[in-house]
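If you want the building blocks of each chain, they are given just below.
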There are 2 protein chains.
Amino acid sequence: MAAQLDDLDRKILVELQADAEQSLDEIARKVGSSKTPVWNRIRRMKEQGVITRQTAILDAESLGLEACFFVLIRTSEHEADWQRKFLKTLRERPEVLEAHRLAGDIDYILKVRVKNARAYDTFYQALISEVKIYNVTALLSMEEIKATTVLPV
Amino acid sequence: MAAQLDDLDRKILVELQADAEQSLDEIARKVGSSKTPVWNRIRRMKEQGVITRQTAILDAESLGLEACFFVLIRTSEHEADWQRKFLKTLRERPEVLEAHRLAGDIDYILKVRVKNARAYDTFYQALISEVKIYNVTALLSMEEIKATTVLPV
DNA sequence: ACTGAAATAAGTACTCC
DNA sequence: GGAGTACTTATTTCAGT
């Protein structure tokens, strides 16, 4: 699954993660190469799935999404049918930004972005009405210390 | 802090979040407008900070980052000096993708992406050697069910 | 694989409505 | 505030090394 990447590829990825709006010329200059090889490598990395997509990152506060919760979920149900329904709900709800199935004591963790605590409660009520959940702990974020999409390459 | 956005602004944000590589013409067509207003609105939203930046999203697996941990941290220290050092450490470490200060029982939550469990342990040892921490629980992700940068607009 | 240049397409700015 | 258009700049392709 891990792609073969050389130093030049990695330098290009650093630049694209920092700012995907830079022109090819600019990226080429920064990584010490020229347009064509940079372009060919970007194309190859897109084909290989190393570069998934290019997106605009928005400021949650500006959109009025001022509350962020991490939700720890324990469940008693582990049947295929229950899980399918649960996962479907998570994928469909736009306020769920992340969802992971965990090893150990806690079964799932979610990251949920909403307008305020009331909106979280609405989400929570909807979630537990759709699927049976044994135990839920919501952790309220007071301060986003760091949030980056930049992976170390 | 919340910006005033109309329907057209929101439609543009939907498109930019879905795929920031689309041309202005394409976005204009999809949102039912023309180049000039779309361009002016994008520029305005960048100035206002609604659009933070544009970035390439990479596939963690392709980069060999196969392990993801959520780290719950309790601390006995709440002095300004300790906190400054702790936050500095988190911001400097590229494997820490997210860090939030929480309300309640648990003080901090981190999202950490590393190559494997051994790499996590290296990170953990480095962290606790730099700052005094009362209690740490690491939750290992078995499966990334959902991970999106798309905010509901 | 990289260089350089040519062809195509997109971004930017201006005028008019 | 939006449409149309002219101008500038970037992306993409291709021949040559």
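Residues numbered from 1 in each chain as written. Chains lettered and ligands numbered in written order. Predicted model: local features only at pLDDT ≥ 70, side-chain atom pairs only at ≥ 80, totals over all residues. Heavy atoms only, no water.

Chain A goes by Lrp/AsnC family transcriptional regulator in an unreviewed UniProt entry, where it is assigned to Fuscibacter oryzae.

Visitor: Before we move on, can you summarise the sheet that holds strand β5 (residues 135-147) of chain B with the specific residues and values?
Guide: One closed barrel accounts for eight strands, arranged β2(A)-β4(A)-β3(A)-β5(B)-β2(B)-β4(B)-β3(B)-β5(A); its pairing is antiparallel. Averaged over all pairs of adjacent strands, the angle between strand axes in this sheet comes to 35°, irrespective of strand direction. Across five bridges, the pairing between strand β3 (residues 96-102) of chain B and strand β4 (residues 108-114) of chain B is antiparallel. Across the sheet, residue arginine 101 of chain B finds its bridge partner in β4 of chain B, namely tyrosine 108 of chain B. (Pairing = 2+ DSSP bridges. Helix = DSSP H or I, 4+ residues; strand = E, 2+ residues; numbered from the N terminus. Axes fitted to C-alpha atoms, helices over the stretch in contact; angles between N-to-C directions.)

Visitor: Tell me what's going on with the interface of chain B and chain A, and back it up with residues and numbers.
Guide: In this assembly, 67 residues from chain B lie in contact with 66 residues from chain A. Here chain B packs against chain A, burying approximately 6400 Å² in sum over the two surfaces, 59% of which is carbon and sulfur. Contact with chain A buries area across many residues of chain B, yet Leu58, Ile145 and Lys146 of chain B alone supply 12% of it, more than any other trio. In this structure, glutamate 98 of chain A and lysine 111 of chain B form a salt bridge, with 2.8 Å as the shortest nitrogen-oxygen distance. On the surface where chain B and chain A come into contact, there are 45 residue pairs in polar contact (both at pLDDT 80 or more). Among the elements of the structure, α1 (7-18), β1 (51-58), β2 (67-74), α4 (80-92), β3, β4 and β5 of chain B are those that each provide at least two residues to the side of chain B that touches chain A. At nine residues, β5 of chain B tops the list of elements feeding residues into the side of chain B that touches chain A. Pairing between strand β1 (residues 51-58) of chain A and β1 of chain B: seven bridges, direction antiparallel. Of the residues in β1 of chain B, the one forming a bridge with isoleucine 51 of chain A is leucine 58 of chain B. (Contact = heavy atoms within 4.5 Å. Buried area = accessible area lost by both parts, 1.4 Å probe. Salt bridge = Lys/Arg side-chain N within 4 Å of Asp/Glu carboxyl O. Polar contact = N/O pair within 3.5 Å; in protein donor to acceptor, adjacent residues only side chain to side chain.)

Visitor: Describe the protein's contact with DNA strand D, listing the residues and the values that go with them.
Guide: Neighbouring residues of DNA strand D: Gln22, Ser23, Leu24, Lys35, Thr36 and Trp39 of chain A together with Leu8, Ser33, Ser34, Thr36, Pro37 and Arg41 of chain B. The protein-proximal atoms of DNA strand D, defined as those within 4 Å of the protein, are 61% sugar or phosphate. Residue serine 34 of chain B places a side-chain N or O atom 2.3 Å away from a phosphate oxygen belonging to DNA strand D. At the level of elements, α3 (35-48) of chain A together with α3 (35-48) of chain B are the ones that each hand at least two residues to the surface near DNA strand D. A per-class count over the surface near DNA strand D returns four nonpolar, six polar and two charged. (Near = heavy atom within 4 Å. Nonpolar A, V, L, I, M, F, W, Y, C, P; charged D, E, K, R; others polar.)

Visitor: Please give an account of the pattern of salt bridges that cites residues and values.
Guide: Opposite charge on two side chains makes pairing possible when the charged atoms of those side chains draw close. Residue and element names in this part refer to chain B. For the structure on display, the rule yields 26 salt bridges over all chains. The salt bridge partner of arginine 41 is aspartate 6, with a shortest N-O separation of 2.8 Å. Taken together, the positions of arginine 41 in helix α3 and aspartate 6 in the segment before α1 put the pair 35 residues apart, joining distant regions of the chain. With a relative accessible area of 18%, arginine 41 lands in the buried category. (Buried < 20%, exposed > 50% of the residue type's maximum accessible area, 1.4 Å probe, protein only.)

Visitor: Help me get a handle on the relation of the copies chain B and chain A, residues and values and all.
Guide: Structural alignment of chain B on chain A gives an RMSD of 0.1 Å, achieved by rotating through 180° and translating 0.0 Å along the axis. Between the two chains, the operation in question is that of a two-fold axis. Taking the C-alpha atom as reference, chain B places threonine 55 of chain B closest to the rotation axis, 2.8 Å from it. Mapped onto chain A, 99% of the interface residues of chain B are again interface residues, and the two copies thus contact each other with one and the same surface. (Least-squares fit on C-alpha atoms with pLDDT ≥ 70 in both.)

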